[in-house]
Amino acid sequence: MNNYIDLRSDTVTKPTDQMRLAIANADVGDDVFGDDPTVNLLQERVASMFGKDAALFVPSGTMANAVSILAHTRRGDEVIVEKESHTFNYEAAGPAVIGGVQLHPITGEKGILTASQIACAIRPPGDIHLPPTRLICLENTHNRGGGKIYPIEDIRAICETAKANQIKMHLDGARIFNSCVATGLKPRDYGRLFDSIMFCFSKGLGAPIGSIITGSSEFIGHAVRYRKLLGGGMRQVGILAAAALYALDHHIERLEIDHKHAKLLAGALAQINRFSIKPEDVETNIIIFDVTNSGRNAVQIVDILGAKGVLMVPFGEYLVRAVTHLNIDSEQIDAAIRTIQQCFA
Ligand code: TLP
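Residues numbered from 1 in each chain as written. Predicted model: local features only at pLDDT ≥ 70, side-chain atom pairs only at ≥ 80, totals over all residues. Heavy atoms only, no water.

Engineer: Would you mind showing me how to read the site of the ligand here?
Structural biologist: Taken together, 15 residues are adjacent to the ligand, and Ser9, Gly61, Thr62, His86 and Asp172 come closest. Between the ligand and the protein, one listed contact pairs an oxygen atom with a side-chain N or O atom of arginine 175 at 2.9 Å. In the environment of the ligand, an oxygen atom lies 3.0 Å from a nitrogen or oxygen atom belonging to the side chain of lysine 203. The greatest single-element share of the shell around the ligand, amounting to three residues, is contributed by helix H3 (residues 61–72). Each residue belonging to the shell around the ligand can be placed in one class, and the counts come to two nonpolar, seven polar and six charged. (Near = heavy atom within 4 Å. Polar contact = N/O pair within 3.5 Å; in protein donor to acceptor, adjacent residues only side chain to side chain. Helix = DSSP H or I, 4+ residues; strand = E, 2+ residues; numbered from the N terminus. Nonpolar A, V, L, I, M, F, W, Y, C, P; charged D, E, K, R; others polar.)

Engineer: How should the sheet that holds strand E2 (residues 54–58) be read in this particular structure?
Structural biologist: What links the strands of a sheet is backbone hydrogen bonding, and the strands pair in either a parallel or an antiparallel sense. The mixed open sheet is built from seven strands, whose spatial order is E2-E8-E7-E6-E5-E3-E4. With one partner strand each, in any of the chains shown, E2 and strand E4 (102–106) form the two edges of the open sheet. On average, each strand axis in the sheet is inclined to that of its neighbour by 20 degrees, with strand direction left out of account. Inspection of the sheet shows strand E3 (residues 78–82) paired to E4 by five bridges, in the parallel sense. Residue pairing in the sheet places isoleucine 80 in a bridge with histidine 104 of E4. (Pairing = 2+ DSSP bridges. Axes fitted to C-alpha atoms, helices over the stretch in contact; angles between N-to-C directions.)

Engineer: I tried to follow the state of the cysteines on my own but got confused; where do I start?
Structural biologist: Two cysteines whose sulfur atoms are joined by a covalent bond form what is called a disulfide. By the definition in use, this model includes zero disulfides. Counting only cysteine sulfurs, cysteine 159 is the nearest neighbor of cysteine 120, a cysteine outside any disulfide, at a range of 18 Å. (Disulfide = S-S within 2.5 Å.)

Engineer: Is there a simple way to think about the domain arrangement of the chain in this case?
Structural biologist: Many structure descriptions define interface size as the accessible area lost when the parts assemble. Per the domain assignment, the segments of the chain are domain 1 (15–249) and domain 2 (254–344). Between the C-alpha centres of domain 1 and domain 2 the distance comes to 28 Å. Contacts between domain 1 and domain 2 engage 17 residues on the former and 14 residues on the latter. It is Arg144, Asn178 and Val181 in domain 1 that bury the most area against domain 2; as a group they hold 31% of the surface buried on that side. Put simply, domain 1 and domain 2 have two salt bridges between them. Taking the shortest distance from any N to any O, the salt bridge between lysine 110 and aspartate 281 comes out at 3.8 Å. Remark: the boundary between domain 1 and domain 2 carries six residue pairs in polar contact (both at pLDDT 80 or more). Examining the composition of the side of domain 1 that touches domain 2, we find that four residues originate from one element, helix H8 (residues 176–183), more than from any other. (Domains from an automatic or database assignment. Contact = heavy atoms within 4.5 Å. Buried area = accessible area lost by both parts, 1.4 Å probe. Salt bridge = Lys/Arg side-chain N within 4 Å of Asp/Glu carboxyl O.)

Engineer: Would you explain the pairing of strand E12 (residues 319–323) in this entry?
Structural biologist: Put simply, side chains in a regular strand alternate between the two faces of the sheet. Of all five residues that make up E12, four are buried, and the element is covered over most of its length. As judged from the five bridges shared by strand E9 (residues 286–290) and E12, these two strands associate in the antiparallel manner. Residue isoleucine 287 lies in a different strand from E12, and its bridge partner there is alanine 322. Of the pairings in the sheet, the one linking strand E11 (residues 313–314) to E12 comprises two bridges and is antiparallel in character. Bridge pairing in E12 links valine 313 to arginine 321. Two successive antiparallel strands, E11 and E12, enclose a turn made up of four residues, where glycine 316 displays a positive phi of approximately 140 degrees. (Buried < 20%, exposed > 50% of the residue type's maximum accessible area, 1.4 Å probe, protein only.)

Engineer: Sorry if this is basic, but what is going on with the packing of helix H13 (residues 298–307) against helix H14 (residues 330–344) here?
Structural biologist: Axis angle and axis distance: for two packed helices, these are the angle between their axes and the distance between the axes, and together they describe the pair. Close contact between H13 and H14 brings their axes to 10 Å; oriented N to C, the two are set at 120 degrees. Here H13 lies oblique to H14, going by the angle between them. Of the two possible hands of crossing, H13 and H14 adopt the one that is right-handed. On the side of H13, the interface is formed by Ile301, Ile304 and Leu305, while H14 contributes Thr339, Ile340, Cys343 and Phe344. (Parallel < 35°, antiparallel > 145°, perpendicular 65-115°, else oblique. Left-handed = near helix turned anticlockwise from the far one by under 90°.)

Engineer: Is there a simple way to think about the packing of H8 against helix H12 (residues 255–270) in this case?
Structural biologist: Following both chains from N to C, one finds H8 and H12 inclined at 80 degrees, their axes separated by 9 Å at the closest point. When the interaxial angle is binned, H8 and H12 end up roughly perpendicular. Taken together, the residues of H12 that come into contact with H8 (itself represented by Phe177, Asn178, Val181 and Ala182) are Leu255, Glu256 and His259. In the contact of H8 with H12, the residues fall into four nonpolar, two polar and one charged.

Engineer: Help me out: how do you make sense of the sheet that holds E11 in this one?
Structural biologist: The sheet built from three strands is open, its strands ordered E9-E12-E11 with antiparallel pairing. At either margin of the open sheet sits one strand with a lone partner, and together these are E9 and E11.

Engineer: How should I be thinking about the pattern of salt bridges in this particular structure?
Structural biologist: Two side chains that carry opposite charge are able to pair once their charged atoms sit near each other. Summed over the entire model, instances satisfying the criterion amount to 12 salt bridges. Two residues, glutamate 283 and lysine 148, come together in a salt bridge whose shortest N-O distance is 3.2 Å. Of this pair, glutamate 283 sits in the loop between H12 and E9 while lysine 148 sits in the loop between strand E5 (133–139) and helix H7 (152–164), and the two are 135 residues apart along the sequence. Note on glutamate 283: relative accessible area 23%, which makes it partly exposed.

Engineer: What's the story with the packing of aromatic side chains in this structure? I'm lost.
Structural biologist: How two aromatic rings sit relative to each other is set out by the distance from centre to centre and by the angle between their planes. By the definition in use, this model includes eight aromatic pairs. Look at phenylalanine 50 and phenylalanine 177: their rings are 6.1 Å apart centre to centre, the planes differ by 75 degrees, and that puts the pair in the edge-to-face class. Taken together, the residues span a long stretch of sequence, with phenylalanine 50 in helix H2 (residues 37–50) and phenylalanine 177 in helix H8 at a distance of 127 residues. With centroids separated by 4.9 Å and ring planes inclined at 65 degrees, the aromatic side chains of phenylalanine 199 and phenylalanine 201 adopt a geometry described as edge-to-face. In this pair, the class of phenylalanine 199 matches that of phenylalanine 201, namely buried. Each residue in the set Phe50, Phe57, Phe177, Phe199 and Phe201 is aromatic and connected to the rest through ring pairs, giving one cluster. The ring of phenylalanine 315 is capped by arginine 144, whose NZ or CZ atom sits 4.7 Å from the centre of that ring. Lying over the aromatic face of tyrosine 226, arginine 225 brings its terminal NZ or CZ to 4.9 Å of the ring centre. (Phe/Tyr/Trp six-rings, centres within 6.5 Å; stacked < 30°, edge-to-face > 60°. Lys NZ or Arg CZ within 6 Å of the ring centre and 35° of its normal.)

Given below as structure tokens:
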């Protein structure tokens, strides 16, 4: 894929030479014994960034969400999620299969739910017919919402509803730093509102592998057992934690560049009659555009562009997704725009 302009996902980023150096120089130990100094450093650093007691490094975002849901719930509980959320759509029904937990999907607006929608979905306690609502999971930024940022005031209102009903709050913050950079909010601003937060190092932050969960000591105590159950206890994993630490030091502020590139691309797509997209809806690094008026479906559009060296993914029958990231520079964005114009203008 070296000669392609790869906009399929920000997961395709490759570690830079400097990140590989940090990996090579990492001090390591057996992390299942709690002995890996680099993992310990990473976990302490993330917990303190988010104002939490503790954190836990895990292999993937999917495992981070699964472990968090398992640690917050018991079999037969219900978890409120948004209908287009990653957890509901792309995590292989993990919470149901492993945890015996029912996901209760509610349709949001670009992935955003309101407190009143959530209040209506909470099961009244005391009725034996109803599964107890134990957890609310939100996603920020929202992937299928086109990288939409969850407005902090909406999160605050949902948090109050959750507290009033003694329900925990988990954030799938796979791309939380895209949100921090775009809004100026700090990780702690989100840390205050959620019982647990996960984010990924392997997306826009550019590390090859790894995600992390942060929360109370009690929560992380449960999470570490579920990580083991899922086979996610790793040994000399400091080599990966070193990449994650490098990403925290060097790859957060630069996310702004990805957002600028996404806006440029969205602006160019909006000029093409056969596509529809509102550039003002593109708030971070994800662009989703509608190809219904092109007379072709998303797979056909993606194939045409792919044959010209520009890779995107179908994200619905008539929706195409492009994601900007660390390995895409402005020349590649310009080249992608030229290719799109040649094919479809
Ligand atoms: N998202 C991937 C695909 O699975 C769709 C992508 O290319 O965007 N939460 C969110 C919001 C995500 O976008 C993803 C990955 C995950 C969780 C899962 O992370 P991984 O892939 O590390 O399991």
